Each structure stands twice: as structure tokens, then as C-alpha cells.
Amino acid sequence: MPELLGVAFELLVAITVLVTALTIGLDTTAAEFGSVVRGRRAVITMLGVNGVVVPVAAFALVNALPVRGADETGVLLCAMCASGPLGLKASQIARGDLAWAISITTILTVLNVGLLPLWTSLLLPASVTIRPIDLLGAMVAIILLPLVAGIWYRRRSPEHARDVAPKLEALSSVTLALAVAVGLVLHHGHVWSVATSWTAVVVVTLIALAGPAGYLAVGPPPRLRRVSTLVTINRGTGIALLVASRSFADQAHVLSTVIAFGILQTIIVLAAALVWRRRSMTEATAR
């Protein structure tokens with residue numbers, strides 16, 4: 001039974017990441033993407049914050065606090081993975097700029113393909129061995145190719161792409177929820193121990209540091225700053241689960257640490273989005 005659940009978990013995670021990348025591609029229009037890229041300063045700053053500042057901050061935190069072994073590896077994996085689909089949903093809830101949210105998430109998804117193999121070789125504990133070339137191949141196959149396919153199909157058939165994207169988004173939400181549920185069944189004991197340990201302190205502190213960094217990464221329009229904050233504090237735990245299931249199949253505690261990170265981050269991201277939504281509704285009523 002545990003072996004069957006393990007296979008189901010890996011399959012669900014792979015489907016979630018692949019479908020999410022495809023959905024982001026289907027949601028991305030050339031015009032919106034071009035307008036975002038033209039704002040080079042904001043894009044470059046977001047790349048620096050998400051691709052460099054957050055991973056390095058996580059590395060500093062796990063070394064400053066008593067977080068070692070599988071917990072250290074799991075936290076660092078999550079910190080290395082920039083952005084995820086929850087950031088898009090949270091941006092929508094918070095009434096942020098969705099064109100900016102979709103475009104910057106697309107760019108950060110591509111960034112993961114290049115930076116994740118680099119960071120795993122530099123920041124993970126010396127006892128951890130991951131071949132960067134193998135990880136790069138997986139990132140290209142499961143993230144970059146579906147993303148490009150989605151962008152191509154959106155350009156070829158925009159109306160059908162708009163119809164299909166919400167259905168695929170719903171599918172990825174279901175498969176992610178199922179993956180987390182299966183993961184909890186397999187590793188519930190360690191997930192609880194992570195949530196009540198120094199690892200949880202590291203996760204919450206990292207999110208508390210990433211939020212202001214994301215907020216200050218772009219200009220003053222509130223709708224942009226909501227998105228940049230939510231996208232930055234939401235790490236790509238789906239991708240982290242994929243890497244953990246492929247590279248640490250014999251280290252169950254790495255998987256459970258990633259799951260615990262994802263649960264904590266989801267609570268914080270959605271809470272922040274709801275606060276911003278309420279504030280924007282109050283401001284709109286006041287006008």
C-alpha cells in the first residue's frame with residue numbers, strides 16, 4: 001500500500017506541475033507579456049529578489065537556526081523555486097494587476113529552469129547529491145515545454161485557449177490537493193513535527209522577509225505591489241515536490257518538509273490576499 005501511494009504521489013505532482021505550466025502559457029498573451037517586459041527595471045528587480053535574495057536568505061536562516069538534515073534540504077528546495085500557481089489565485093483575490101501577475105509568473109517559471117540546477121549544486125548540504133544536468137532535463141520537459149506549448153496555442157487559437165485555461169487550472173488545483181493529501185497520509189507524523197519545530201520558524205521568518213522585498217521590487221501602483229508581494233512570498237512548492245520526489249525518494253522527511261512548507265505558506269498567502277481584498281473594497285466604497 002505505501003508503495004502504491006508513493007507512485008500515486010509522484011504521478012500527481014508531475015501532472016500538477018506540467019498542467020500548471022501549460023495553464024500559465026495559455027493565460028499569457030503576447031501584448032501583456034510585451035508590456036511587462038518593457039518595464040525592465042521592475043522585471044529585473046523581481047528576478048533578483050525571487051531568484052537570488054530569497055534563496056540566499058533561506059540559506060542564511062537555516063544556518064543561523066538549528067535546522068539540519070532533511071528539514072534543511074526541504075526548506076532550501078522550496079526557497080529556490082520561484083513562484084507558483086497560488087500566487088496567481090492570491091493576486092486575483094487581492095484585486096491585483098492580473099496581467100502583471102501572469103506575465104511575471106511566466107518569467108519566473110522560466111527562471112526556475114535555469115537557476116534551480118545551479119542553486120541545488122551551491123546551497124544544498126554537502127551530503128546531498130543531485131546531478132544538475134538531470135534536474136535541468138526534468139525542468140525543460142515538465143515546465144518549459146508545456147509553457148511554450150501553452151503560449152503557442154494561445155497565439156494560434158486565443159478563444160479556445162481562454163476556454164480551456166480555467167478547466168486546466170481547476171485540474172491542477174485538484175491534483176495538487178490530492179498530492180498533498182496523499183503526502184500527508186504517507187508522512188503525517190513528520191509534517192506535524194516540522195510544523196511545531198524550528199523549521200516552521202524559518203519558514204515564517206523567510207516569508208516575512210520576502211514580503212517587503214517583493215513589495216519594494218516594483219513601483220508605487222498598489223495593484224502591482226500586491227502582486228509582486230504575493231508572488232514573492234508564494235514559493236513554487238509544486239516544483240519543489242517534484243524535485244523531492246525524483247531526487248529524494250529514499251528520504252521521506254524531505255517530502256514531508258516540503259509539504260509542511262506548502263501548508264504554512266498557503267495559510268499566510270491567502271490571509272494576506274484576503275486582507276488586501278477587504279482593504280481594496282473599503283477604499284472603493286469610500287470613493
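Sequence order as written defines residue numbering, which begins from 1 separately in each chain. Only residues with pLDDT of 70 or above have their local features reported here, since the model is predicted, and side-chain atom pairs are shown and tallied only from 80 upward, although totals for entire chains, interfaces and linings are computed over all residues. Computation of side-chain values covers all heavy atoms of the structure but excludes hydrogens and water.

A.B. asks: So what's going on with the overall build of the chain? Residues and values would help.
C.D. replies: When its secondary structure is counted, the chain shows 12 helices and 0 strands. Reading the secondary structure of the chain in the N-to-C direction produces α-α-α-α-α-α-α-α-α-α-α-α. Both definitions apply: the radius of gyration is a C-alpha atom measure, and the globule rule equals 2.2 Å times residues to the power 0.38. Scaling as 2.2 N^0.38, a compact globule of 287 residues should have a C-alpha radius of gyration of about 19 Å, and the chain matches this with 18 Å. Think of it in three bands: residues with accessible area under 20% of the maximum for their type are buried, residues over 50% are exposed, and the middle band is partly exposed, with areas taken using a 1.4 Å probe on protein chains only. Burial status across the chain gives 50% buried among its 287 residues. By definition in these notes, contact holds between two residues if any of their heavy atoms fall within 4.5 Å. Excluding contacts between residues fewer than 6 apart, the proportion of contacts in the chain whose partners are at least 24 apart in sequence is 84%. Of the accessible surface of the chain, which amounts to about 13100 Å², a share of 68% is contributed by carbon and sulfur atoms. To qualify as a helix, a DSSP run of H or I must reach at least 4 residues; to qualify as a strand, a run of E must reach at least 2; elements of each kind are numbered from the N terminus. Residue burial considers only the protein chains on display, and all accessible areas are found by Shrake-Rupley using a 1.4 Å probe.

A.B. asks: Could you give me a rundown of the side chain of Ser 256, with the residues and numbers involved?
C.D. replies: Mapped onto the fold, Ser 256 is located in helix H12 (residues 252-286). The class for Ser 256 is buried, based on a relative accessible area of 0%. By the criterion applied in these results, polar contacts are pairs of N or O atoms within 3.5 Å in which, for protein atoms, one can donate a hydrogen and the other can accept it, and in which residues neighboring in sequence qualify only through two side-chain atoms. Within polar-contact distance, the side chain of Ser 256 engages the backbone oxygen of His 253 at 3.0 Å. The contact partners of Ser 256, leaving out residues within four places of it in the chain, are His 187, His 190 and Val 191.

A.B. asks: So what's going on with the environment of Gln 251? Residues and values would help.
C.D. replies: Looking at the element boundaries, Gln 251 is found in the loop between helix H11 (237-247) and H12. With 233 residues separating them along the chain, Gln 251 and Leu 18 place their C-alpha atoms 24 Å apart.

A.B. asks: Could you give me a rundown of helix H4 (residues 69-80), with the residues and numbers involved?
C.D. replies: Here H4 spans 17 Å end to end across 12 residues, near enough to the 16 Å set by a 1.5 Å rise per residue. Summarising burial for H4: 11 of the 12 residues are buried, a large majority. Listed in full, the buried residues belonging to H4 are Ala 70, Asp 71, Glu 72, Thr 73, Gly 74, Val 75, Leu 76, Leu 77, Cys 78, Ala 79 and Met 80. The span expected for a helix works out to 1.5 Å for each residue beyond the first.

A.B. asks: With reference to specific residues and values, describe helix H10 (residues 222-233).
C.D. replies: Relative to the 16 Å expected for 12 residues at 1.5 Å per residue, H10 spans 17 Å between its end C-alpha atoms, a close match to the ideal helical length. Of all 12 residues in H10, 9 are buried; the element is thus mostly enclosed. Residues of H10 that are buried include every one of Arg 225, Arg 226, Val 227, Ser 228, Thr 229, Leu 230, Val 231, Thr 232 and Ile 233, and no others.

A.B. asks: Explain unusual backbone geometry to me, and be specific about the residues and the numbers.
C.D. replies: Even without being glycine, Arg 95 reaches a positive phi, approximately 60°. Take Arg 95: it is sitting in the loop between helix H5 (85-93) and helix H6 (98-123). In this structure Arg 95 comes out as partly exposed when scored by relative accessible area, which is 37%.

A.B. asks: Outline the nonpolar core, listing residues and values.
C.D. replies: Judged by nonpolar contacts, the single largest core of 81 residues is most densely connected at Phe 9, Trp 100, Leu 116, Met 139, Leu 230, Ile 239 and Val 243. When residues in this core are grouped by element, the largest group, 12 residues, is from H6. Once residues lying within four places of it in the same chain are set aside, the contact partners of Ile 239 are Val 17, Cys 81, Asn 112, Leu 116, Met 139 and Ile 143. The next biggest cluster of nonpolar side chains, apart from the first, holds 5 residues, and it includes Val 19, Leu 26, Ala 161 and Ala 165. What we call a nonpolar core is a set of buried Ala, Val, Leu, Ile, Met, Phe, Trp, Tyr and Cys residues that are connected through their side-chain atoms within 4.5 Å.

A.B. asks: Give me a nonpolar patch on the surface: which residues, what numbers.
C.D. replies: A cluster of nonpolar residues, Val 52, Val 53 and Val 56, forms a patch on the protein surface that exposes about 210 Å² of accessible area. Judged by its relative accessible area of 39%, Val 56 is partly exposed. Only residues above 30% relative accessible area that lack a salt bridge enter a patch, with like-charged residues linked at up to 9 Å and the nonpolar side chains Val, Leu, Ile, Met, Phe, Trp and Tyr linked at up to 5 Å. Salt bridges are defined as contacts in which a side-chain nitrogen from Lys or Arg sits within 4 Å of a carboxyl oxygen from Asp or Glu.

A.B. asks: Hey, could you go over the packing of H4 against H6 for me, with residue numbers and the actual values?
C.D. replies: With axes taken as lines fitted to C-alpha atoms, and helix axes fitted only over the stretch in contact, angles between N-to-C directions fall between 0 and 180 degrees. Put simply, H4 and H6 touch, their axes get as near as 10 Å, and they point 150° apart. Regarding the angle of H4 to H6, the classification is roughly antiparallel. Crossing geometry of H4 relative to H6 is assigned as right-handed. When H4 is examined against H6, the residues Leu 76, Leu 77 and Met 80 are found in contact with a partner set consisting of Asn 112, Leu 116, Trp 119, Thr 120 and Leu 123. For this classification, the nonpolar set comprises Ala, Val, Leu, Ile, Met, Phe, Trp, Tyr, Cys and Pro, the charged set comprises Asp, Glu, Lys and Arg, and every other residue, Gly included, is treated as polar. Of the residues contributing to the contact of H4 with H6, the split by class is 6 nonpolar, 2 polar and no charged. An angle below 35 degrees is read as roughly parallel, one above 145 as roughly antiparallel, one from 65 to 115 as roughly perpendicular, and any other as oblique. By definition, any crossing whose near helix is turned counterclockwise from its far helix by less than a right angle is left-handed, and any crossing with a clockwise turn is right-handed.

A.B. asks: If you had to explain the packing of helix H3 (residues 40-64) against H4 to someone new, which residues and values would you point to?
C.D. replies: Contact geometry of H3 with H4 gives a least axis separation of 8 Å together with a crossing angle of 165°. It follows from the interaxial angle that H3 and H4 lie roughly antiparallel. Classified by chirality, the crossing of H4 by H3 is right-handed. Within the contact between the two elements, H3 uses Val 54, Pro 55, Ala 58, Phe 59 and Val 62 and H4 uses Glu 72, Val 75, Leu 76, Ala 79 and Met 80. Of the residues assigned to the contact of H3 with H4, the class counts are 9 nonpolar, no polar and 1 charged.

A.B. asks: Please provide a residue-by-residue account of the packing of aromatic side chains, values included.
C.D. replies: By convention, a stacked pair of Phe, Tyr or Trp rings (six-membered ring in the case of Trp) has centres within 6.5 Å and planes under 30 degrees apart, an edge-to-face pair has planes over 60 apart, and any other such pair is tilted. What the rule picks out here adds up to 1 aromatic pair. Ring geometry for Trp 152 versus Tyr 153: centroids 6.4 Å apart, planes at 50°, classification tilted. According to the relative accessible area criterion, Tyr 153 is partly exposed, its value standing at 27%.

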